[in-house]
Structures are given as structure tokens and as C-alpha cells.
Amino acid sequence: MKGKRRILVAAATAVFTVLALAPAGQATAAGKDRYTHLDPGGQPRLTERVPVNVVFVGYSPSQVPQPTFRAGLPSGYEPAVRYRLFYGIEEKLGLQYTYDYRISYADRRYEDRFFGELKRLARPAPLTDYQQAYNEQQNNVLDVTDNHEIDAPSVERWLAKNPPVGVDTRRNTVFFINWYGRSDFRFHVYTKTDEPDPDTGYNFGVERDSRKIIAWGGTTARDEENGLGSTRRIWFHDLSAGPESWTSNWNVDEPDLDGNGVEDYRMPATWEYRTGGYRAPDALAGDLSKITRYVALNLLFTTSPLYPAELPTAEPPRSINLDSNVYEGWPGVDASATYVKPKLLLDELRELRWRNTLDYDSQDLPFTGDAERCYFLAIEADESCYPEEGYPGFANFYLQNTKELARTQDDQGRVDYELPIFSYALPEGTPTPGLGFADDNYVDGTQSYVFAFVSPEIVEFGYGLTTTLIHEVGHHIGMSHPHDGYDSSTGVDYAPADEFYFVNAGDQVNSMMSYIDLNWDFSQFDHDNSDRFLTAAYNEAANRLAADVLAAPRAHRASDELKAADRLLGRARGALAAHDYPAAYEYADQAYRQVVEGAREAGVPADRAEAELRRNAQVARSSVELGEPHEFIDSLDPDSPRSQP
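None of the values given here were measured: they were computed from a predicted structure.

Conventions adopted
Residues numbered from 1 in each chain as written. Predicted model: local features only at pLDDT ≥ 70, side-chain atom pairs only at ≥ 80, totals over all residues. Heavy atoms only, no water. Helix = DSSP H or I, 4+ residues; strand = E, 2+ residues; numbered from the N terminus. Rg over C-alpha atoms; globule rule 2.2 N^0.38 Å. Buried < 20%, exposed > 50% of the residue type's maximum accessible area, 1.4 Å probe, protein only. Contact = heavy atoms within 4.5 Å. Lys, Arg positive; Asp, Glu negative; His and termini not counted. Charge placed at Lys NZ, Arg CZ, Asp CG, Glu CD. Expected span 1.5 Å × (residues − 1). Pairing = 2+ DSSP bridges. Polar contact = N/O pair within 3.5 Å; in protein donor to acceptor, adjacent residues only side chain to side chain. Disulfide = S-S within 2.5 Å.

Asker: Got a minute to help me understand the overall build of the protein in this structure?
Answerer: The helix and strand inventory of the protein stands at 19 helices and 17 strands. By the compact-globule yardstick of 26 Å for 645 residues, the protein fits well, its C-alpha radius of gyration being 25 Å. Seen along its three principal axes, the alpha-carbon backbone of the protein occupies a region of about 80 × 60 × 45 Å. Relative to its 645 residues, the protein shows a buried fraction of 62%. Within the protein, residue pairs in contact and separated by at least 24 positions form 78% of the contacts whose partners lie at least 6 positions apart. Looking at charge distribution, the protein has the averaged site of its 62 positive side-chain charges lying 9 Å from that of its 100 negative ones.

Asker: I would appreciate a short explanation of helix H17 (residues 559–577) in the present structure.
Answerer: Quick reminder: α-helices carry 3.6 residues per turn. Residues three or four places apart thus point the same way. Taking 1.5 Å per residue, 19 residues should reach 27 Å; H17 reaches 27 Å between its end C-alpha atoms and fits that length. Those residues of H17 that sit buried are Glu-561, Leu-562, Ala-564, Ala-565, Asp-566, Leu-568, Leu-569, Gly-570, Ala-572, Ala-575 and Leu-576. On its buried face, H17 is in contact with strand S2 (46–57), strand S4 (95–105), helix H16 (524–551) and helix H18 (581–602). Immediately downstream of H17, the backbone of His-579 shows phi near 65 degrees, a positive value.

Asker: Teacher, can you tell me more about unusual backbone geometry here?
Answerer: Leave glycine aside and you will find that most residues have negative phi; peptide bonds, for their part, are mostly trans. Omega for the bond connecting Gly-242 with Pro-243 falls within 30 degrees of zero, at -5 degrees, which places this linkage in the cis form. With respect to the helices and strands, the residue Pro-243 is situated in the loop between strand S10 (234–238) and helix H8 (284–301). With phi around 55 degrees, Ser-248 is a residue other than glycine that occupies positive phi space. Its location among the elements puts Ser-248 in the loop between S10 and H8.

Asker: Explanation requested: the pairing of strand S12 (residues 357–366) in the structure shown.
Answerer: One face of the sheet, then the other: side chains in a regular strand alternate in exactly this way. Buried residues dominate S12, accounting for eight of its ten residues. Alignment of strand S11 (residues 319–328) against S12, held across ten bridges, turns out to be parallel. Within S12, the residue paired with Ile-320 across the bridge is Leu-358.

Asker: Explain H16 here, please?
Answerer: Helix length check: H16 (28 residues) gives 41 Å between terminal C-alpha atoms against 40 Å at 1.5 Å per residue, within 8%. Burial runs high along H16: 26 of the 28 residues are buried. Capping of H16 at its N-terminal end is provided by Ser-523; its side-chain oxygen lies 3.2 Å from the backbone amide nitrogen of Phe-525.

Asker: For this particular structure, what's the right way to read the pairing of strand S14 (residues 436–440)?
Answerer: Among the five residues of S14, five are classified as buried, and the element is accordingly described as predominantly covered. Residues Gly-436, Ala-438 and Asp-440 line one face of S14 and the alternating positions Phe-437 and Asp-439 line the opposite face, and both faces are buried. Where S14 meets strand S15 (residues 447–454), four bridges bridge the pair, whose relative direction is antiparallel. Among the inter-strand pairings, Ala-438 is bridged to a residue of S15, identified as Val-450.

Asker: Just checking my understanding: could you explain the state of the cysteines for this structure?
Answerer: Covalently bonding the sulfur atom of one cysteine to the sulfur atom of another cysteine gives a disulfide. Tallied over the entire structure, the rule returns one disulfide. Cys-374 shares a disulfide with Cys-385; S-S distance 2.2 Å. Where Cys-374 bonds to Cys-385 through sulfur, the torsion about that S-S bond is close to 105 degrees, and the disulfide is right-handed. You can see Cys-374 sitting in helix H11 (residues 369–381) and its partner Cys-385 sitting in the loop between H11 and helix H12 (396–402), a full eleven residues away along the chain. Per residue, the accessibility class of Cys-374 equals that of Cys-385, and both read buried.

If you want it as C-alpha cells, here you go:
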């Protein structure tokens, strides 16, 4: 076994877990009444009026009537923990958003400038495979005669620097673009080609026609390749580009792509919105409204976490160790050295969890014994290697590695949380479940371990382990894909299939949580949502711990600390209302720390949180049936957009 290899990156202070210290209502009424923002024993009640700009560039009000477009939009949103929903548990975060829509149509002067810039950026290119496939359709209304490639980050940067008068792109902004119908129109696709895979050097943006796109955005101010210089929140979507692979809008012959009897709803190119085309002209406004609601709002701007943003620890951790373990089963290859770039892994994650100190260590494990036996039973037979436990076959990864924790986790006492990562390097011809997945505990939707896979076939396909690990750890700390999500108004959790097939468009964004493989960064939208989630979680932790403080015999000794926490939560609330998400997170963190200090003063037992968590876990195991939802395995299914050439 190799010795540990460690890289330390300090990023500041803490992420944490919500401490289930006392049931709501345990604090006295008098204790509750004395605070304005701290609510001992209660859930946060954080509100934000979220500005949403929608700018139509090249669409007229007659093409997209505002009343029709607005009719499909929700008034607000309440995030919920998505993986809990699969166990019948509705866990809201205490956040409530009300949308403030500002809809405008660019004037002719602005359109001339913008489309002039597109023309300047356009470079002649061969037709993509998907434009050719569109031309071969029986029902297409025209043929794509030529093609041009336009650098997507350059378009985003231009929009950031040159918004229409009255549009503040520091706030969430959708640009719906239609170049078709102008005399200067060029058939075109957008590209991003400056971030090859860090382990294999494979450049998806260059090599794959399936990565020629029609939408882009979400780049941060300090993105290493395309930073905007200042914070902007832009996503543009252009139906006059393509047709393209990712949303299959090249296919205008087959409404039902998978043959299950339900139309796979997708938005065709703008010229298909005509009498005799794939979609009637009066459907355009409703379709763009669907994209706004089910993609821009639910999947990008104001999302729900996949897992609880608080980590499953007894106390809020300030330091997190990425505890990487690689089952080395690929003969002649040291996968942990060849296919993991620890510095990149840490650099990207510390940008999202910026108040934590993160470090990394790795050890190699033999792919023998129970590791090998349980792997093949799960993959080839779907049989449990521990049938006495009552878990499904796919839980073999979780169960077998739970038994390994005693020898793989060796940083207890040095860090607050060891995040368990298990990667499998496998011989040629070995079936894999995909690139990776962030597993849960099979009981109540709490995150457990991260799994990743590499083999000769996966490397040939373009992937190592680094980007998979960034993505899967992103899930573990709460982030969702930008192609599946939760609509709080209807209570529907959806994926890109059937009536929601079109939401694959959300992957065309500068987010590590996408499948598009054009970048390895978390988007500005990811940053915003993570900070919001953590603001709410720290607020809830402060509330719960405050209830125990007030129930303690020496509660009066904590008076100053609880009042300070109340003031800090007020500042967090104000920062959230002003859309200053980092400040909101920081104030909520400081508030929680004040309550922790108050707990010490009041003599609240230090082990109370851990005991309560153990009790709650035991109740959950006895009252919730074991499940196997696993809807979010990051696969290379041959039919998925990610696998297309």
C-alpha cells in the first residue's frame, strides 16, 4: 500500500451540519419573543425578491407576446432537498424567493450592434453531424447550407459589457436570441474549446460535434480561462443556432425519441415555428417560457440542493479532508498518480466552499477480496454481497466501503470531516456503472460516499478521474445537475425525458455540474446557490442550538452571545435581500459561532449534538424502508447526450 500523499489548501473557515439539538418549540415562549431574527427551535424564514431579466434579441413582441410568455412563469420558489423527496421526506430550507420579472425587447440599434458582433466573431466551419442529420429529415422546412462557429465565452463577455439600456446583468439575466430572418444571418453554432480534460488532454469542444452548442453563460468573474472581471449573471439561448445534438432539436421527424409513447418535448430551430413546421408559430412564446421556468429558474438561478448543504457530521466542520482511496485494479497503471490532479480538485472545490480549509490525501487499495467480489455482484448480478443487511445489490459499494472506513480514514482528530472517496481503476473489458456517483445512505437521503471509475475504455472516451471527482464531490456538498431539478410550485422533481426533454439545454452552462465537458469550474449560479443554502443552514443551526441554550440552567450567562447572534442573523437577512450572497453566508456563520460560544457559557454538554444525531439516525433506520432511488448516476449510457459523437 502506498503512503498518504497530502496537499493542503487553506481557504478560510467553516461549512457545517445542522445540529438537531432540540425539537422546535422546546424553547420558552418568552425566549422566542426576545429576538427579532433568531428563532430558537425554529426554521429560518429567509426571503429574497429575486430580479430576473429576460431580454429578447431578434424576437418581436408579436412573435413572443409578453402576456403569453408571462403566463407560464411561476411567482416564486422554495428550495427543498431533492434526495430526501425519494424517501417521501419534504425538507425545505427555510428560503423563499419571489421573482421580480423585468421583460424587454432589444431595439433595432442594439440588435444591429449585437448581430454585427456575432458576424465579426463567426468563423466558417463544416456542417456539424447534427446539421447534416437535420437536412436529412423528411419534414425539415429548410436545409442548413453552410455553418459558422462562434466562441461562446466571447458572446457572454460582450453581453456582460454591452447590455441594453436599463438591463443590469449583475442580476439574473436570460438573453433569448434569434438571428434568423435578418439579411446578415449566418447559420452558426457556438463553441468552447479552451479546457481539455486535465487527465487525458482530450478536447471535447474540438473533437465532438455534440459539444457544438446553442446556449452558454454562468462564467464567474475570476474564471481562469474566461473570467468576466466582475460578477455577472448571464445565460443566453439561441434557437437560430444549430440545430444541435444536446437537446436533439435536429430531429423533426420523430416526436417520441425513446418509443415510450410520450412526446420528448423539445424546442426546434426558430425557422421551424411556422405553419407546416415542427411547431406552430403561436407556440414560440410558451416554449421560451418553459425554458425560462424549467431551465433558467429551476436549474440555474434558484435551484434546490441534491443533498443537504450541511455535511453529515456531529459538529459544523471548519476543515474538510478529501479522503481519496483508489482500488488499483488496472494492470500496469498507477491510476491515483496518473488520473487524479489533486491541486485542480482542491482549487475548484475551495472556490465553492470558500469558508473551509480543504486538504487531500490518497492511498491505494488492492482490487481483491470483498472489494472485487462486491463490485461484480453489484454490476453483473445486482445481488447483495451482504444479504443479511437487507440492502439492494447496488448498495454493495456503500456497504463494503463502510467496512473499510476504519482503515481508510486516518485523519480523525486532525480535521473536522473526512469526505470519503472511493475510486475504482479497472482492467479493460470490465463493465462500470458510469463515470461516478455520489451515494446516499439508503435510509433518508443523507449523502454518504463518493464513487468514481476509470478504465481503458473510459480514458479512450476522454475522461480521467479528476473531473469526475470534482463533479461528484459537488453533489456530495449539495449541488444538482443543471439538467434535472425540482419545481416547487408543482412539487415535481424532473429529469430530461418526455415532457421535460428540453431541459438538457441547462447543461450548456459554465458549470462543473453539467455533462457538457467543456469546463471544470463551478458557475456563478452554483456559487450563488451554495451561499444561499449555507446561509439557511447556519441560520437553522443557530436556531436549534439556541433552543438548548435557553433550556439550560445557566441560560442567562449566554444573553450577550444570543443577542449578538440575533443581530448577525439580521445582517444575513439584509445581505440576502440585497443579493449579496457571500456576505449573507458569512453573517450566518458568525451568528452560529456566537450561539456556540453562548452554549459554552450556558454549560450545554459538548456531546449533546452527537448523541442527538445518533438517536435521529437510529429512528430513521427503524422507520424508513430501505430504498434504491439512485436517479443521479453519472453514466455514459449510449443514448445520453454525453455519449454522442
